[in-house]
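# Analysis of the macromolecular model
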Amino acid sequence: MSSGMALAVGRDREWIIRNAKGRKFVFESAEEAFEELHEYGEGAVVLTREVYRGMFRTKPVTDWQEVPPPAVDPRAEVPGGGDE
């Protein structure tokens, strides 16, 4: 009978931007990726996948999936600053 130490494994998400040339750039969150997206040129997209993270390994649970841009609230940006 073996008595090994249990390793903590947690479910997490990974976020990347893939540019039109196929290069991938890693980000900590969707918000961070979308803030930087315009810097990577036309054809760049934000992708995410679910992973299990252990002490020394990361194992993908799902394949990369494109994330649609967040909806923009039209009331958030009022032309002229809203001082009418």
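Provided above is the structure to which this section pertains.
Just so we're clear, the structure is a prediction, and the values are computed from it rather than from any experiment.

## Digging into a nonpolar patch on the surface
Among the surface-exposed residues, V9, Y52 and V61 lie close enough to one another that they form a single nonpolar patch of about 250 Å² accessible area. Mapped onto the secondary structure, V61 falls in the loop between β4 (58-60) and β5 (65-66). Residue V61 is classed as partly exposed on the basis of its relative accessible area of 34%.

## Let's talk about the packing of aromatic side chains
Aromatic ring pairs are reported here in terms of the distance separating the ring centres and the angle at which the planes meet. By the definition in use, this model includes 2 aromatic pairs. Seen from their ring centres, F25 and Y40 are 4.6 Å apart, and the 45° between their planes marks the pair as tilted. On the criterion of sequence distance, the pair formed by F25 in strand β2 (residues 24-27) and Y40 in the loop between α1 (30-36) and β3 (45-53) is long-range, its members being 15 residues apart. Relative to Y40, the ring of F27 lies with its centre 6.2 Å away and its plane at 90°, an arrangement referred to as edge-to-face. Here Y40 lies in the loop between α1 and β3 and F27 lies in strand β2, a separation of 13 residues in the sequence. A relative accessible area of 10% means that F27 is categorised as buried.

About the criteria used
- Residues numbered from 1 in each chain as written.
- Predicted model: local features only at pLDDT ≥ 70, side-chain atom pairs only at ≥ 80, totals over all residues.
- Heavy atoms only, no water.
- Patch = residues over 30% accessible without salt bridge, like charges linked within 9 Å, V, L, I, M, F, W, Y side chains within 5 Å.
- Areas by Shrake-Rupley, 256 points an atom, 1.4 Å probe, with all protein chains shown as cover.
- Salt bridge = Lys/Arg side-chain N within 4 Å of Asp/Glu carboxyl O.
- Helix = DSSP H or I, 4+ residues; strand = E, 2+ residues; numbered from the N terminus.
- Buried < 20%, exposed > 50% of the residue type's maximum accessible area, 1.4 Å probe, protein only.
- Phe/Tyr/Trp six-rings, centres within 6.5 Å; stacked < 30°, edge-to-face > 60°.

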